[in-house]
Amino acid sequence: MNSSVVPAGPGAALPPGEPLRVHTVLYDGVEEQDFAGPVEVFGIVGTRQPVRQSFVTAGGPGTVRTSAGMDIEVRQEWSPESADVLLVPGGGYGPGSGLDRQLADGTLPRALAAARRPGLRTAGVCTGTMLLAAAGITTGRPCTTHHFALADLAALGGTVVPGRVVDDDDLITCGGVTSGIDLALWIVERWYGPRTALFAEGVLEYERRGTVWRADPATGRPGALPPAATRPGPRP
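Calculation rules
Residues numbered from 1 in each chain as written. Predicted model: local features only at pLDDT ≥ 70, side-chain atom pairs only at ≥ 80, totals over all residues. Heavy atoms only, no water. Phe/Tyr/Trp six-rings, centres within 6.5 Å; stacked < 30°, edge-to-face > 60°. Lys NZ or Arg CZ within 6 Å of the ring centre and 35° of its normal. 1 Å grid on protein atoms, 1.4 Å probe; cavity = no way out; pocket = protein on both sides within 12 Å on 5 of 7 lines; lining within 4 Å. Points joined across faces, edges and corners; volume = space filled by probe spheres on them. Helix = DSSP H or I, 4+ residues; strand = E, 2+ residues; numbered from the N terminus. Nonpolar A, V, L, I, M, F, W, Y, C, P; charged D, E, K, R; others polar. Buried < 20%, exposed > 50% of the residue type's maximum accessible area, 1.4 Å probe, protein only. Arc of directions from axis to C-beta. Contact = heavy atoms within 4.5 Å. pLDDT = per-residue confidence, 0-100.

## Overview of the packing of aromatic side chains
Part 1 of the argument: By the definition in use, this model includes zero aromatic pairs.
Part 2 of the argument: Of note, Arg48 hangs over the ring of Phe199, and the distance from its end group to the ring centre comes to 3.8 Å.

## Let's talk about the layout of surface pockets
Part 1 of the argument: There is about 220 Å³ of room inside the largest pocket.
Part 2 of the argument: In terms of lining, the largest pocket is formed by 15 residues, of which the most central are Leu26, Tyr27, Asp28, Thr57 and Gly59.
Part 3 of the argument: For the lining of the largest pocket, the elements supplying multiple residues, two or more each, are β3 (62-65), α2 (98-105) and α3 (107-115).
Part 4 of the argument: Looking at the lining of the largest pocket element by element, the count peaks at three residues for β3.
Part 5 of the argument: Among the residues forming the lining of the largest pocket, the class breakdown is six nonpolar, seven polar and two charged.

## Brief notes about α3
Within an α-helix, residues lying three or four positions from one another point in the same direction, as the helix has 3.6 residues per turn.
Part 1 of the argument: Every buried residue belonging to α3 is among Leu108, Pro109, Ala111, Leu112 and Ala115, and all of these are buried. Taken around the axis of α3, the buried residues stretch over an arc of 160 degrees, which confines them to a single face. Pointing more than 90 degrees away from the buried face of α3 are the exposed residues Arg110 and Ala114.
Part 2 of the argument: Of the surrounding secondary structure, the elements contacted by the buried residues of α3 are β1 (20-25), β5 (85-88), α2 and α4 (128-134).

## Side note on the confidence of the model for the chain
Part 1 of the argument: Across the chain, the average pLDDT comes to 89, with 85% of residues at or above 70.
Part 2 of the argument: Low pLDDT, under 50, characterises residues 1-10; the predicted model gives this stretch 21 contacts beyond four residues in sequence or across chains.
Part 3 of the argument: Segment residues 226-236: pLDDT under 50, and 15 contacts once partners within four positions in sequence are set aside and those in other chains are kept.

Here it is as C-alpha cells:
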C-alpha cells in the first residue's frame, strides 16, 4: 500500500439525524447509466440511513431528454445551496453529444462555477468531469474522467490521476460510465462507513472495482486506497 494512504474518514459534519442531501444534475443529452447507477446506490442506502435525493437542472424545472431519448420531468428548483453533494453525470463525448451541447451553451458550467461554496462536495461521473473543468473546478486538482477525454481534461488544467475514483476532498471524480457506481459507494463509505457501503454492494450484487485515490493532506499528493473489502474495518 502506498505510504501516503489516508484512512477513510467522515465526509462532512452532518448534525445527527440530518440527511445526506444529494442533488443529481440532469440536462438534455445526459447519459442514463452515469446517473442511474449512483441514484440506485443512494436509494438503497436511504433504506438504512437518512439520504435525500433531488434531481435538478440549471434552468429550473422542466423536461430533460436523455441521450437515449427518455424524457424525465424535473420538478425541483436549482438550489445547490441546499445540497451536500452535487453530482454531475456525463453526456457522451465528441461533436453532437450532450456534453458538447452543454459546453457550447455554457449555462450549466456557469451554474456549477457559481455553486461552489465551503461544505459542498462536487462529484463528476464520466465526462461530467469535463463540465466541472469548464467551470474551472478541476484546475490544478487531482481528477479523472472517461479515458477518451483524459487528454482534454489535462489540457484544461486538471491533474489527471489514473484511479477509478479520485477523491480530492470536496471534488470527487471517476472514470467512465459504470464507475459512477463506485463513486457513489465511495461517497457512502465516506459519510456512513464501510458497513453501509458493503450493504449497498450486497443489495446490488456488485463488487467495487479499481482504486480510490485520495489526496494526502500532509503532502498534497494522491495516495491509493485498496477496495473496501480489503481494508480493515467493520464488516456486516
